[in-house]
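This is what each chain is made of:
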Amino acid sequence: MKKKDLISITDYTRNDYLRIMELAAEFEKNPNQNLLEGKVVASLFFEPSTRTRLSFETAISRLGGRIVGFSDSSSSSVTKGETLHDTIRMVSNYVDLIVMRHPIEGSARYASEVSKVPVINAGDGANQHPTQTLLDMYSIIKTQGRLDNLKIYMVGDLKYGRTVHSLIMALSEFEGQEFHFIAPPELAMPREYTQFLKEKNIPCYEYTDFTPEVIADADILYMTRVQKERFSDPIEYEKVKNVYILKNEMLKLTKDSLRILHPLPRVNEICTDVDSNPKAYYFTQALNGMYTREAIIAHTLGLK
Amino acid sequence: MAKNLLKVSAIKDGTVIDHIPSDKLFQVISILGLDRIKNQITFGANLESSKLGSKAIIKVSNKFFEDDEINKISLIAPNAKLNIIKDYEVIDKKVVEIPKTVYGIVKCFNPKCITNNENIPTKFVVASQEPLELKCHYCEKITGRDEMVIL
Ligand SMILES: [Zn+2]
């Protein structure tokens, strides 16, 4: 049997997405299941990411698995100049599954080609972070009861934000979607994605204004961070830095069923006065990550 | 035509690769590995061409390329034409086609790509032929014709 890696969100089909949603709901009801008993999982974080690592390692622990690995490459043989190839070759001899995060783009795909055991990508530089997308989808299905016929509004850095790109790819597998992109011109959604949606006959609309009227019809409001480093001209950043900030008063025209998502960590793009609004979902979204990762691990190893 | 042919001597059996841009001659030789084979090879560069302005031509004796092999040069010599010669006669003509997958040959333009950080061969899927867009199998970034560097 071909091993089932998860490197890029498009490695999964619509059926895989639905299966993960089903399993995540199951793990949410019953998070502690001994499916990984007797198994060892490598958690290789070549760059630190405490949030993602804890989510994965808790998921592994709740499944009864053991963890080996490192939380940043300064404490590993990588600093001694060992190639990724050799590290993965060695580790894949020892373990049943590899979870890895690495700053170099394409490293996870390469590791999956070297490794004898399945690899789950926990982020490879600015490229892919598929488990984030799956937890976003689980948050959507939990709060909206469906993955189709959604009005999805994405706000902020739509140019470099890999989470929004992957979410578009995944949600476009389901019917009746409508996308709305709100971003400064410098950080607008890349043409390859608007073109992709056009080819699939999925409506998408672009705005530069972030106003209560624009978002009134949204089912999902997906906020991202506008980072200063992304601007070639600092004056451009100064002009837009306070435009793409969500304040509680902006939500008064929105539907009761609207939920606000954010991949976290947040800086200032969502005012703290939004946190107590029942439409704010980003902290629960993070918790959903653990159930989703339990689901992904079980699916990857064919344990369910 | 007769005039150009005279400039690079005729071959009995083999392949003539014509309409190579002059400045790509040595890259074509290297991609096809012609610098590593024992066959008799003659070539000319800076020949007149109505199409390219200036072209190069390569003649390889007793060598007949597989399509996969010759299509590798399509990225740098998209107008190249092949004449297959048997006993001084052209018995077949071929044009090069851009392959679906490109192995090696091209460097990924993304400096943060694993292929530029570890010693592994590049691999691209041809996302579009015109304009040429190569999608890296590893980092998933697109390398266009303007960013294309031959390895
Ligand atoms: Zn690449």
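Residues numbered from 1 in each chain as written. Chains lettered and ligands numbered in written order. Predicted model: local features only at pLDDT ≥ 70, side-chain atom pairs only at ≥ 80, totals over all residues.

**Thoughts on the sheet that holds strand E4 (residues 119-124) of chain A**
Residue and element names in this part refer to chain A. Taken together, four strands build an open sheet; the order of strands is E2-E1-E3-E4 and the sheet is parallel. Here the strands that pair on one side only, and so sit at the sheet edges, are strand E2 (66-70) and E4. Taking the axes of each pair of neighbouring strands and ignoring which way they run, one obtains an average angle of 15° across the sheet. Running over the sheet, helix H2 (residues 50-62) touches strand E1 (40-45), E2, strand E3 (97-102) and E4 and is turned about 180° from E1. (Pairing = 2+ DSSP bridges. Helix = DSSP H or I, 4+ residues; strand = E, 2+ residues; numbered from the N terminus. Axes fitted to C-alpha atoms, helices over the stretch in contact; angles between N-to-C directions. Contact = placed C-beta atoms within 7 Å.)

**Considerations on the interface of chain B and chain A**
With 13 residues of chain B at the contact, the number on the chain A side is twelve residues. Residues belonging to the side of chain B that touches chain A are distributed by class as follows: six nonpolar, four polar and three charged. (Nonpolar A, V, L, I, M, F, W, Y, C, P; charged D, E, K, R; others polar.)

**Describing the packing of helix H3 (residues 84-94) of chain A against helix H4 (residues 107-114) of chain A**
All names here are of chain A. In the contact formed by H3 and H4, the axes pass within 9 Å of each other and the chain directions differ by 45°. For the element pair H3 / H4, the angle class is oblique. For the crossing formed where H3 meets H4, the hand is right-handed. Mapping the contact onto sequence places Leu84, His85, Ile88 and Arg89 in H3 and Ser107, Tyr110, Ala111 and Val114 in H4. A breakdown of the residues in the contact of H3 with H4 according to their chemical character gives five nonpolar, two polar and one charged. (Parallel < 35°, antiparallel > 145°, perpendicular 65-115°, else oblique. Left-handed = near helix turned anticlockwise from the far one by under 90°.)

**Section: the domain arrangement of chain B**
Residues and elements named next belong to chain B. Entries for chain B in the domain assignment read domain 1 (14-95) and domain 2 (101-150). Placing the centre of domain 1 and that of domain 2 at their C-alpha centroids yields a distance of 24 Å. A class-by-class count of the residues in the side of domain 1 that touches domain 2 yields three nonpolar, one polar and one charged. (Domains from an automatic or database assignment.)

**Details of the domain arrangement of chain A**
Residues and elements named next belong to chain A. For chain A, the assigned domains are domain 1 (9-129 + 289-300) and domain 2 (130-286). Computed from C-alpha coordinates alone, the two centres of domain 1 and domain 2 are separated by 26 Å. Facing 19 residues of domain 1, the contacting portion of domain 2 comprises 18 residues. Residue assignment for the side of domain 1 that touches domain 2 shows that the elements contributing at least two residues are helix H1 (14-29), E4 and helix H9 (282-300).

**Topic: helix H7 (residues 191-199) of chain A**
Little of H7(A) is tucked away: zero of the nine residues are buried. Of the residues trailing H7(A), Asn201(A) is marked for its positive phi of about 60°. (Buried ≥ 20, exposed ≤ 12 C-beta atoms within 10 Å, placed from the backbone.)

**Quick notes on the nonpolar core**
One finds Ile98(A), Val99(A), Tyr153(A), Leu221(A), Tyr222(A) and Val28(B) to be the most contacted residues of the largest nonpolar core, which totals 114 residues. Apart from the residues within four sequence positions on either side, Ile98(A) is in contact with Ala42(A), Leu44(A), Val91(A), Ser92(A), Ala111(A), Ser115(A), Val117(A) and Val119(A). (Core = buried A, V, L, I, M, F, W, Y, C linked by C-beta atoms within 7 Å.)

**Considerations on the environment of His19(B)**
Residues and elements named next belong to chain B. In this fold, His19 is placed in strand E1 (residues 14-21). For His19, a count of 19 C-beta atoms within 10 Å puts it in the partly exposed group. Residues His19 and Ala56, spaced 37 residues apart in sequence, show a C-alpha to C-alpha distance of 6.2 Å. Those residues in contact with His19 that sit more than four places away from it in its chain are Ser49, Lys51, Leu52, Lys55, Asn79, Ala80 and Lys81.

**Topic: the pairing of strand E6 (residues 178-182) of chain A**
Two faces, one strand: in a regular strand the side chains alternate between the faces of the sheet. All names here are of chain A. Extensive coverage of E6 is indicated by the burial of four of its five residues. On the question of chirality, the crossover connecting strand E5 (residues 151-155) to the parallel E6 by way of helix H6 (residues 162-171) is right-handed. Of the crossover connections in this fold, the one passing from E6 over H7 to the parallel strand E7 (residues 204-207) is right-handed. (Right-handed = clockwise from strand over helix to strand, strands pointing away.)

**Quick notes on H2(A)**
All names here are of chain A. Taking 1.5 Å per residue as the helical rise, H2 with its 13 residues ought to reach 18 Å, and the 18 Å between its terminal C-alpha atoms agrees with that figure. Looking at the buried positions of H2, the neighbouring elements they touch are E1, E2, E3, E4 and H9. The positive-phi residue at the C-terminal boundary of H2 is Gly64, with phi of around 80°. (Expected span 1.5 Å × (residues − 1).)

**Quick look at the sheet that holds strand E9 (residues 259-261) of chain A**
Strands pair in a sheet through their backbones, by hydrogen bonds, and they do so in one of two ways: parallel or antiparallel. All names here are of chain A. Read across the open sheet, the five strands follow the order E7-E6-E5-E8-E9; overall the sheet is parallel. Each end of this open sheet is capped by a strand with a single partner; those strands are E7 and E9. Here the average twist between neighbouring strands, direction ignored, is 20°. Here E5 pairs with E6 via five bridges, running parallel. By the bridge assignment for E6, Tyr153 is matched with His180.

**Some words on the environment of Asn248(A)**
Along the polypeptide, Asn248(A) turns up in the loop between helix H8 (234-240) and E9. Residues within four places of Asn248(A) in sequence aside, it is in contact with Cys271(A), Asp273(A), Val274(A) and Asn277(A).

**So, the pairing of strand E8 (residues 123-128) of chain B**
Residue and element names in this part refer to chain B. Bridging between strand E6 (residues 101-103) and E8 involves three bridges; their strand directions are antiparallel. Counted as the bridge partner of Val102 is Phe124 from E8. By the bridge criterion, four bridges tie E8 to strand E9 (residues 133-136) in an arrangement that is antiparallel. Bridge assignment links Ser128 to a residue of E9, and that residue is Glu133. Between E8 and E9, which pair antiparallel in sequence order, lie four residues.

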